Amino acid sequence: MGRNRTIPPLCAARPHPPAGPKLARVSEEAWEIEPSGPLRGDITVRGSKNAVSKHMVAAMLGRGPSTIRNAPEVGEVSITAAMLEHLGMVVERQDGEITIVPGKVADPHVPKAFTGLNRIPILMLGPLLHLAGEAFVPLVGGDPIGRRPVDFHVQALRAFGAEVDIADDGVHARATRLKGTRIDLAYPSVGATETVLLTAVLAEGKTVIRGAATEPEIIELALFLQRMGARIAFSPDRRIVVEGVDRLHGAEIRLGGDRLEAFSYLTAGLVTGGEVRVHGCHQDRLVTAITTLARMGARFEITDDWIMASAPDGLRSAAVQTDTHPGFATDWQTPLMVLFTQSEGMSVLHETVFENRLVYVPALQGMGCEIEVFDVCLGGPACRFHDTNAVHSAVVRGVTKLHGGDVTMPDIRAGFSAVLAAAVSQGPSVLRGVHHIERGYHRPVEQFRALGLELRRR
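Quick caveat, the model's predicted, so the values are computed rather than measured.

Q: Just checking my understanding: could you explain the overall build of the protein chain for this structure?
A: Counting secondary structure elements, the protein chain contains 14 helices and 24 strands. Taken over the C-alpha trace, the protein chain has a radius of gyration of 22 Å; the compact-globule value for 458 residues is 23 Å, and the two agree within 12%. Considering only C-alpha atoms, the protein chain reaches an extent of 60 × 50 × 45 Å along its principal axes. A burial count over the protein chain gives 57% of its 458 residues as buried.

Below is the structure:
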């Protein structure tokens, strides 16, 4: 077995903090959580946080308004809307519906104030080159779960014929006419696949993406672009073929339910010995997750309208490896880690997507979770982090009694895991950095309260 590694304390768990000014002051709000027994009830999830902002970017390309329905009320939407409005787009939001009216791009420069807030600016490069012939976007941000290099994006744009320069403060790009090309991705990166799709649809000629990501959110984006008039075909072996068109028009779409949020709430019921019925996310988005939980002893009731999980006989340990779709999603592993602490035996988690995803472990350890982390590949074959210093495997002992704590959430998914740990702990907890979870989950306070959790803002 490899070296047992120590992750720095959570207060120092952001080794690569985003540079530059923030768009708005980060809230200092905290949640106080008092364990209140098993969580039970019904939850309805809206469209994916990982999908809605990409659809908003795609809407820039239409000659006419586009409408996105079933949109979640998350911070990611507000950040993306502010960027679009600066570029000259009109964004209207009401009751889960977002309408974007494209306008003339007067200034194709995304302000540096958006530096580090999320990953969306890099996706705007291709659309801005089509609309204005030049673009500047600040450095990407998002959760501190691992490197998100812009190399794949830059290489793809250069292959289309763009001139791209990377500066300390962001990325500059110029192009007179983008032309279709062949893109071979060394890794099925979701973001890089999105960049290629958003650029290829209006590029001259055919573009072939090999090694593309195929997550449900990618398919959903492609379907939206097709509704706008794009010509996109999916072929075997992660190959996508795009035939560029001269223009796109506005379109409407209703987003499918957020599979990451759905899994999180199903796990919330199991962790606390209750049962949560999740509406709004179809079974086909949760196939691997459902099977994983069933192997641990969970029982499921599944209909066309909802999914419910329970574990009346308790849960047993498991070995789980994260992977690109259709494997076990990396964003599912944070609530799963808490579930491991309430499952009988020793469980193993092997993270293969982001090398720094286990940054949240010290917070759980501080609440009594018995977790050891390692820099070797456990629970599955060697991954791309093999023989590196990346701490990407964990062994978890269950069943463990947890206790309350004062925790700072480092990112969206880790924030949800902290809530689950607090919900099953003995004694109250204070969770800080709640803006992270509110950036990625639709009305989380209301949702948790509906399940019976005693949660107070302060």
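Q: For this particular structure, what's the right way to read the packing of helix 8 (residues 259–271) against helix 12 (residues 412–423)?
A: When two helices pack together, you describe them by how their axes are tilted relative to each other and by the distance separating the axes. Taken N-terminus to C-terminus, the directions of helix 8 and helix 12 make an angle of 15°; their axes are 10 Å apart at the nearest point. Here helix 8 is positioned roughly parallel relative to helix 12, judged by the angle of their axes. Our pair here, helix 8 against helix 12, has a crossing hand that is right-handed. For the pair helix 8 and helix 12, contact is made by Leu 260, Ser 264, Tyr 265, Thr 267, Ala 268 and Val 271 and by Arg 413, Phe 416 and Leu 420, respectively. Residues that form the contact of helix 8 with helix 12 fall into these classes: 6 nonpolar, 2 polar and 1 charged.

Q: Would you take a moment to explain the pattern of salt bridges for this structure?
A: Applying the stated criterion to the full structure yields 24 salt bridges. Measuring nitrogen to oxygen at the nearest pair gives 3.3 Å for the salt bridge that ties Glu 32 to Arg 456. In this pair, Glu 32 is assigned in strand 2 (residues 30–34) and Arg 456 in strand 24 (residues 454–457), connecting sequence segments 424 residues apart. Residue class for Arg 456 comes out partly exposed when judged on its relative accessible area of 39%. For Glu 76, the salt bridge identified is with Arg 439, shortest N-O distance 2.8 Å. Of this pair, Glu 76 sits in helix 2 (residues 75–87) while Arg 439 is found in helix 13 (residues 435–440), placing the two residues 363 residues apart along the sequence. Counted as one network, the salt bridges with shared partners bring together Glu 29, Glu 438 and Arg 457.

Q: Looking at this structure, how should I read the environment of Ser 235?
A: Within the secondary structure, Ser 235 is located in strand 12 (residues 231–235). A residue is classified by how much of its surface remains accessible, and Ser 235, at 22% relative accessible area, is partly exposed. Remark: the alpha-carbon pair of Ser 235 and Arg 210, spanning 25 residues in sequence, is separated by 9.6 Å.

Q: Even after reading the chapter, I still don't get the environment of Cys 383, so can you show me in this structure?
A: Position of Cys 383 among the secondary structure elements: in the loop between strand 20 (370–374) and strand 21 (393–398). The class of Cys 383 is buried, set by a relative accessible area of 15%. Expressed as a C-alpha distance, the spacing of Cys 383 and Thr 352, which sit 31 residues apart in the sequence, is 6.0 Å. With residues near it in sequence (within four places) discarded, Cys 383 still touches His 350, Glu 351, Thr 352, Cys 377 and His 392.

Q: Explain the side chain of Asp 411 here, please?
A: Position of Asp 411 relative to the elements: it lies in the loop between strand 22 (406–408) and helix 12. A distance of 2.8 Å separates a polar atom in the side chain of Asp 411 from the backbone nitrogen of Ala 414.

Q: How should the sheet that holds strand 14 (residues 252–254) be read in this particular structure?
A: Overall, mixed pairing links the 4 strands, which are arranged 5-6-4-14 in an open sheet. Both outer strands of the open sheet, strand 5 (90–94) and strand 14, are each paired with one neighbouring strand and no more. The mean angle between the axes of side-by-side strands here comes to 10°, regardless of whether they run parallel or antiparallel. Where strand 4 (residues 66–69) and strand 14 come together, 3 bridges link them in parallel fashion. Its bridge partner lying in strand 14, Arg 69 is registered against Arg 254. Against the sheet, helix 2 makes contact with strand 5 and strand 6 (97–101), and its axis sits at roughly 150° relative to strand 5, the strand it touches most. Sheet contacts for helix 7 (residues 216–227): strand 4 and strand 14; angle to strand 14, the most-contacted strand, approximately 155°.

Q: Help me understand unusual backbone geometry in this model?
A: Residues other than glycine predominantly adopt negative phi, and peptide bonds predominantly adopt the trans conformation. The linkage connecting His 325 with the following residue, Pro 326, adopts the cis geometry, with an omega of 15°. For Pro 326, the location among the structural elements is in the loop between strand 18 (319–321) and helix 10 (333–341). Cis rather than trans, the peptide bond between Gly 398 and Val 399 has omega equal to 0°. Note that Val 399 resides in the loop between strand 21 and strand 22. At Asp 95, a position not held by glycine, the phi torsion is positive, near 50°. The topology assignment puts Asp 95 in the loop between strand 5 and strand 6. Backbone geometry at Arg 238 places phi at a positive 60°, although glycine is not the residue there. Relative to the helices and strands, Arg 238 is located in the loop between strand 12 and strand 13 (239–243). When its relative accessible area of 25% is taken as the criterion, Arg 238 is described as partly exposed.

Q: Would you explain the confidence of the model for the protein chain in this entry?
A: When pLDDT is low, close inspection of the predicted coordinates is not appropriate. Residues at a pLDDT of 70 or more form 92% of the protein chain, whose mean pLDDT is 91. Predicted confidence for residues 6–26 stays below pLDDT 50, and this span has 35 contacts to residues more than four positions away or in other chains.

Q: Looking at this structure, how should I read the nonpolar core?
A: Nonpolar side chains tend toward joint burial in soluble globular proteins. Among the nonpolar cores identified, the biggest contains 72 residues, and Met 56, Ile 98, Met 124, Leu 197, Val 201, Leu 225 and Ile 232 are the most heavily contacted of them. Ranked by residue count, the leading element in this core is helix 2, at 6 residues. Excluding anything up to four places from it in sequence, Met 124 contacts Val 57, Met 60, Met 83, Leu 84, Leu 87 and Val 110.

Q: Please explain helix 5 (residues 151–159) as it appears in this structure.
A: The periodicity of an α-helix, 3.6 residues per turn, causes residues three or four positions apart to be oriented the same way. Of all the positions in helix 5, only His 153, Val 154, Ala 156 and Leu 157 are classed as buried. Within helix 5, the buried residues cover an arc of 165° as seen down the axis, which keeps them to one side. Packing partners of the buried residues in helix 5 comprise helix 3 (120–123), helix 4 (125–132), strand 8 (163–166), strand 10 (182–184) and helix 6 (190–200).

About the thresholds
Residues numbered from 1 in each chain as written. Predicted model: local features only at pLDDT ≥ 70, side-chain atom pairs only at ≥ 80, totals over all residues. Heavy atoms only, no water. Helix = DSSP H or I, 4+ residues; strand = E, 2+ residues; numbered from the N terminus. Rg over C-alpha atoms; globule rule 2.2 N^0.38 Å. Buried < 20%, exposed > 50% of the residue type's maximum accessible area, 1.4 Å probe, protein only. Axes fitted to C-alpha atoms, helices over the stretch in contact; angles between N-to-C directions. Parallel < 35°, antiparallel > 145°, perpendicular 65-115°, else oblique. Left-handed = near helix turned anticlockwise from the far one by under 90°. Contact = heavy atoms within 4.5 Å. Nonpolar A, V, L, I, M, F, W, Y, C, P; charged D, E, K, R; others polar. Salt bridge = Lys/Arg side-chain N within 4 Å of Asp/Glu carboxyl O. Polar contact = N/O pair within 3.5 Å; in protein donor to acceptor, adjacent residues only side chain to side chain. Pairing = 2+ DSSP bridges. pLDDT = per-residue confidence, 0-100. Core = buried A, V, L, I, M, F, W, Y, C linked by side-chain atoms within 4.5 Å. Arc of directions from axis to C-beta.

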